[in-house]
Amino acid sequence: MLLYILRRCVSAISVILVTLVASFALFFLAPTDPVGIICGNRCTPDRAADISAGLGLDKPAYEQVGMYLKGIAVGRDFGNGGAIIHCDAPCLGYSYTLGQPVTKLLAQAVPVTVSIVVGGAVIFLVVGVLTGTIAARRRGTPADRAVVGGTLIVSSIPYFVVALIISLYATFLPTSQYISLLKNPLAWASGLLAAWLTLGLANAAQYTRYSRASMIESLGEDYVRTARSKGIAERRVVYRHGLRAALTPVATIFGIDLAFQMSGAIFTETIFQLPGIGVLTLRAFNQYDLPVMMGGVLVGATVLVLMNLVVDILYTFLDPRVRLG
């Protein structure tokens, strides 16, 4: 197990490095003018040269990549009008438009996105798995058909339409806002309730279908029939033996889905006006703020790789037949 985890960690680091280099090539080597974005239209040649030298933009491309990776590992110094500003590791650069460290901007935005996604994930995972399990136990009945039909209807509605409807017409819900969990847990939950319900109910439909299909297959296995023949209670057979194995494919989808939602919660954040990483990255894209865009890409790639690793490790706990070596 330990050797497997170490191999996966090395593989994860290599994937993140390749993603960083590719993103650097796309963003920093693109035909944009960072100096013009920072300095404006009335920038003098001396001021432009000073900014370019301070940010290292006058260096060759390979040196810029090396400086960026060095900043992540040990920190980096930036020049600003003759003054030297030290950026502590992990340093992802300074925002061109806001003049603040990218790590500081991400530290403010990431908790918002994590709160939205985790809260919504709890809702759609619990609701989806329980509803799918109940439908699988009553396969072929009117209740099962109603559940399947309802999930198809909900899945056919675009997510942003659901979010807009809840945002405009669910006036009974608390006003959407973000307040730190450490500052006021009750205000934190109430301010994110609308986003949680939107994300949870919209995604619960597909998890109901996943869970139902996986549960039907699991309940048809030999070990489930053996458990029933031993006289074990039906509830225990379903939830102790069948559900445990049925959760393995659901966990795979959930891990990948959670990672993608972490880097793609922009619709939720924009509609409910929550200052998460999606809104931050979109604003940076519109303003050609390349360091902030790079920071968003790095966070998304890291989350995706880590969630894959976590899901693989969870397999051994969900399904005893799976052994990692």
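All values derive from a computational prediction rather than experimental measurement.

*Asks:* For this particular structure, what's the right way to read the overall build of the protein chain?
*Replies:* Per the secondary structure count, the protein chain includes 13 helices and two strands. Dimensions of the protein chain, computed from the C-alpha atoms along their principal axes, are close to 85 × 55 × 35 Å. Counting only contacts in the protein chain whose residues sit at least 6 apart along the sequence, the fraction spanning at least 24 positions is 67%. As displayed, the protein chain offers around 17,300 Å² of accessible surface, 66% of which is attributable to carbon and sulfur atoms.

*Asks:* Explain the state of the cysteines here, please?
*Replies:* Between two cysteines, a covalent bond joining their sulfur atoms is known as a disulfide. Using the criterion set out here, one finds one disulfide in the structure. Across the disulfide from Cys87 sits Cys91; the S-S distance is 2.2 Å. Note on the Cys87 and Cys91 pair: the S-S dihedral is about 110 degrees, so by sign convention the disulfide is right-handed. Accessibility assignment for this pair places Cys87 and Cys91 in one class, buried.

*Asks:* Mind showing me how you'd approach helix α3 (residues 45–55) here?
*Replies:* Along an α-helix, a turn takes 3.6 residues, which lines up residues three or four apart on a common side. Within α3 the residues assigned to the buried category are Ile51, Ser52, Gly54 and Leu55. End-on view of α3: buried residues confined to an arc of 165 degrees, all on one side of the axis. Counted as exposed and oriented over 90 degrees from the buried face of α3: Pro45 and Asp46.

*Asks:* Before we go on, may I ask you to explain empty space enclosed by the protein in this structure?
*Replies:* In this approach the atoms are scanned with a rolling probe the size of a water molecule, which exposes any empty space left behind. Applying the stated criterion across every chain yields a total of two cavities of 30 Å³ or more. In this structure, the second largest cavity encloses a volume near 30 Å³. Taken together, the residues that form the lining of the second largest cavity break down as five nonpolar, three polar and two charged.

*Asks:* I'm lost on a nonpolar patch on the surface in this one. Help?
*Replies:* Residues Phe160, Leu164, Ile165, Leu168, Tyr169 and Phe267 make up a contiguous nonpolar surface patch of about 650 Å² in total accessible area. For the nonpolar patch, the element with the highest residue contribution is helix α7 (residues 159–169), accounting for five residues. Here Ile165 shows up in helix α7.

*Asks:* Would you mind going over the UniProt feature "transmembrane region" (unreviewed entry) in the protein chain with me for this structure?
*Replies:* The positions UniProt marks with the feature "transmembrane region" (unreviewed entry) are residues 12–30, 112–135, 147–173, 185–205, 245–272 and 292–318. Helix makes up 100% of residues 112–135 and strand 0%, whereas the separation of the span's terminal C-alpha atoms amounts to 34 Å.

*Asks:* What is the right way to look at the packing of helix α5 (residues 102–137) against helix α12 (residues 277–286) in this model?
*Replies:* Packed helices, taken two at a time, are described by the angle between their axes plus the distance between the axes. Close contact between α5 and α12 brings their axes to 7 Å; oriented N to C, the two are set at 135 degrees. In terms of orientation, α5 and α12 fall into the oblique class. Taken together, the residues of α12 that come into contact with α5 (itself represented by Leu105, Leu106, Ala109, Val110 and Thr113) are Ile277, Gly278 and Leu280. Each residue belonging to the contact of α5 with α12 can be placed in one class, and the counts come to six nonpolar, two polar and no charged.

*Asks:* Could you clarify how one ought to interpret the packing of aromatic side chains in this entry?
*Replies:* Here the distance between the centres and the angle between the planes together describe a pair of aromatic rings. The tally for this structure, following the rule as stated, stands at six aromatic pairs. Relative to Phe254, the ring of Phe124 has its centre 6.0 Å away and its plane inclined at 65 degrees; by these criteria the two rings are edge-to-face. On the criterion of sequence distance, the pair formed by Phe124 in helix α5 and Phe254 in helix α10 (residues 234–263) is long-range, its members being 130 residues apart. When sorted by exposure, Phe124 lands in the same class as Phe254, which is buried. For the pair Tyr207 and Tyr210, a centre-to-centre distance of 5.6 Å together with 80 degrees between the ring planes defines the contact as edge-to-face. Here Tyr207 and its partner Tyr210 are both found in helix α8 (residues 185–219), three residues apart, which amounts to about one turn of the helix. Tyr207 gets classed as buried once you look at its relative accessible area, which sits at 0%. Aromatic ring contacts, followed pair by pair, group Phe124, Tyr207, Tyr210 and Phe254 into a single cluster.

About the thresholds
- Each chain has its residues counted from 1, following the order in which its sequence is written.
- Only residues with pLDDT of at least 70 get local features here, since the model is predicted, and only at 80 or more are side-chain atom pairs given and counted; chain-wide, interface and lining totals rely on the full set of residues.
- Only hydrogens and water are set aside when side-chain values are computed; all heavy atoms of the structure are taken into account.
- Strands are runs of DSSP state E lasting at least two residues, helices are runs of H or I lasting at least four, and both sets are numbered from the N terminus onward.
- Any two residues whose heavy atoms approach within 4.5 Å at even a single point are treated as in contact.
- Using the Shrake-Rupley algorithm and a 1.4 Å probe, accessible areas are obtained, with residue cover drawn only from the displayed protein chains.
- Whenever a pair of cysteine sulfur atoms sits within 2.5 Å, that pair is classed as a disulfide.
- Exposure classes here rest on a 1.4 Å probe applied to the protein chains alone. A residue is buried below 20% of its type maximum, exposed above 50%, and partly exposed in between.
- Regarding the arc, it is the one traced by the directions from the helix axis to the C-beta atoms.
- The rule is simple: put a 1 Å grid over the protein atoms alone, call a set of points where a 1.4 Å probe fits but cannot get out a cavity, call an open set with protein on both sides within 12 Å along at least five of seven lines a pocket, and count a residue as lining if it has an atom within 4 Å of a point.
- Grid points are joined across faces, edges and corners, and a volume is the space filled by probe spheres set on the points.
- Under the scheme applied here, ten amino acids are nonpolar (Ala, Val, Leu, Ile, Met, Phe, Trp, Tyr, Cys and Pro), four are charged (Asp, Glu, Lys and Arg), and all others, including Gly, are polar.
- For patch building, the residue pool is restricted to those with more than 30% relative accessible area and no salt bridge; the joining distance is 9 Å between like charges and 5 Å between nonpolar side chains (Val, Leu, Ile, Met, Phe, Trp, Tyr).
- Definition used for salt bridges: Asp or Glu carboxyl oxygen within 4 Å of a side-chain nitrogen of Lys or Arg.
- UniProt positions are given in the numbering used here, feature names are shortened, and annotations may be inferred rather than shown by experiment.
- Geometry is summarised by axes, namely lines fitted to C-alpha atoms with helices restricted to the contacting stretch, and by angles between N-to-C directions that run from 0 to 180 degrees.
- Note that the term roughly parallel is reserved for angles under 35 degrees, roughly antiparallel for angles over 145, roughly perpendicular for angles of 65 to 115, and oblique for everything else.
- Planes of paired rings set the category: under 30 degrees apart is stacked, over 60 is edge-to-face and the rest tilted, where pairs are Phe, Tyr or Trp rings (Trp by its six-membered ring) whose centres lie within 6.5 Å.

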